[in-house]
Amino acid sequence: MKSIRKYLYFNTDKRMELINITNQVREVLQESGIKDGLCLVNAMHITASVFINDDESGLHQDYKKWLEELAPHEPVSQYAHNGFEDNADAHLKRQIMGREVVVAVTDGELDFGPWEQIFYGEFDGKRRKRVLVKIIGE
């Protein structure tokens, strides 16, 4: 069995962004030469997420609005966690959106359903963060 581990790095301009990383993950898969196996993609920071959904701008706006309603950033004083940092809401948003995805690899391709894409969700941006891509298989 073969494996490859690569990091993708992000430094967003905004506090909350949803970034399609499907092509970057595909590049790692191509580099690996693995034709059959599993691809794990996970955020390495507790205020960021990796998830699968449709790449549709209206849906992304809905996600941002919904997440902000569930865990609003302000007032920052509403959270016991906030003190040294003001990112308690980002921790909660990450918990809702999840840490990682696992995608089957079949015939050297990510084995998606219709419209599925991989996204990096940033909820406490404006600093460098990383995502792990780990692919195992033959």
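Quick notes on the rules
- Residues numbered from 1 in each chain as written.
- Predicted model: local features only at pLDDT ≥ 70, side-chain atom pairs only at ≥ 80, totals over all residues.
- Heavy atoms only, no water.
- Pairing = 2+ DSSP bridges.
- Helix = DSSP H or I, 4+ residues; strand = E, 2+ residues; numbered from the N terminus.
- Axes fitted to C-alpha atoms, helices over the stretch in contact; angles between N-to-C directions.
- Contact = heavy atoms within 4.5 Å.
- Buried < 20%, exposed > 50% of the residue type's maximum accessible area, 1.4 Å probe, protein only.
- Core = buried A, V, L, I, M, F, W, Y, C linked by side-chain atoms within 4.5 Å.
- Polar contact = N/O pair within 3.5 Å; in protein donor to acceptor, adjacent residues only side chain to side chain.
- Parallel < 35°, antiparallel > 145°, perpendicular 65-115°, else oblique.
- Left-handed = near helix turned anticlockwise from the far one by under 90°.
- Nonpolar A, V, L, I, M, F, W, Y, C, P; charged D, E, K, R; others polar.
- Expected span 1.5 Å × (residues − 1).
- Arc of directions from axis to C-beta.

**Q** Explain the sheet that holds strand β2 (residues 17-20) residue by residue, including any values.
**A** With respect to topology, three strands assemble into an open sheet ordered β2-β7-β4, the strand pairing being antiparallel. Each having just a single partner strand, β2 and β4 (48-53) make up the two edges of the open sheet. Ignoring which end each strand starts from, the neighbouring axes of this sheet average 30° apart. Sheet topology note: the β2/strand β7 (residues 117-122) ladder contains four bridges and is antiparallel. Across the sheet, isoleucine 19 pairs through a bridge with tyrosine 120, a residue of β7. Those strands touched by helix α2 (residues 57-70) are β2, β4 and β7, and its axis lies near 145° from that of β2.

**Q** Give me the lowdown on the sheet that holds strand β3 (residues 36-43), citing residues and values where you can.
**A** In spatial order, the strands read β1-β8-β3-β5-β6; together these five strands make up an open sheet with antiparallel pairing. Only two strands of the sheet have a single neighbouring strand rather than two, namely β1 (2-10) and β6 (109-110). Inspection of the sheet shows β3 paired to strand β5 (residues 100-106) by seven bridges, in the antiparallel sense. Looking at the pairing, aspartate 36 lines up with threonine 106 of β5. Along the sheet, helix α1 (residues 22-32) makes contact with β1, β3, β5, β6 and β8 (129-137), crossing β1 at roughly 150°.

**Q** Any chance you could break down the environment of glycine 58 for me, citing the residues and the numbers?
**A** Among the secondary structure elements, glycine 58 is positioned in helix α2. Take glycine 58: its relative accessible area is 21%, and that puts it in the partly exposed class.

**Q** Give me the nonpolar core: which residues, what numbers.
**A** Taken as a class, soluble globular proteins show a tendency for nonpolar side chains to be buried jointly. Ranked by internal contacts, the top residues of the largest apolar core, which has 23 residues, are Ile21, Val25, Val41, Leu110, Ile118 and Ile135. At the level of secondary structure, the elements contributing two or more residues to this core comprise β1, α1, β3, β4, β5, β7 and β8. Ignoring sequence-local partners within four residues, the contact set of valine 25 consists of Leu8, Cys39, Val41, Leu110, Ile118 and Val133.

**Q** I'd love a proper account of the side chain of aspartate 124, names of residues and values included.
**A** Among the structural elements, aspartate 124 can be located in the loop between β7 and β8. Among the polar contacts listed, one links the side chain of aspartate 124 to the side chain of arginine 15, at a separation of 2.9 Å. Each residue touching aspartate 124, except ones within four places of it in the same chain, is listed here: Arg15, Thr47, Asn87, Ala90 and Lys129.

**Q** Residues and numbers for the packing of α2 against helix α3 (residues 88-97), please.
**A** The geometry of α2 relative to α3 is characterised by a closest axis approach of 10 Å and an angle of 125° between their N-to-C directions. When the interaxial angle is binned, α2 and α3 end up oblique. The element α2 and its partner α3 pack so that their crossing is right-handed. For the pair α2 and α3, the contacting residues are Tyr63, Trp66, Leu67, Glu68 and Leu70 in the first and Lys93, Ile96 and Met97 in the second. Among the residues forming the contact of α2 with α3, the class breakdown is six nonpolar, no polar and two charged.

**Q** Quick rundown of α2? Include the residues and the values.
**A** With 14 residues, α2 extends 20 Å between its outermost C-alpha atoms, agreeing within 8% with the 20 Å of an ideal straight helix rising 1.5 Å per residue. Looking only at α2, the buried set comprises His60, Tyr63 and Leu67. For α2, the angular spread of buried residues about the axis comes to 55°, placing them on one side. The exposed residues of α2 that point more than 90 degrees off its buried face are Gln61, Lys65 and Glu69. Considering only its buried residues, α2 is in contact with β2, β4, α3 and β7. The opening residue of α2 is glutamate 56, an N-cap whose side-chain oxygen sits 2.9 Å from the backbone nitrogen of glycine 58.

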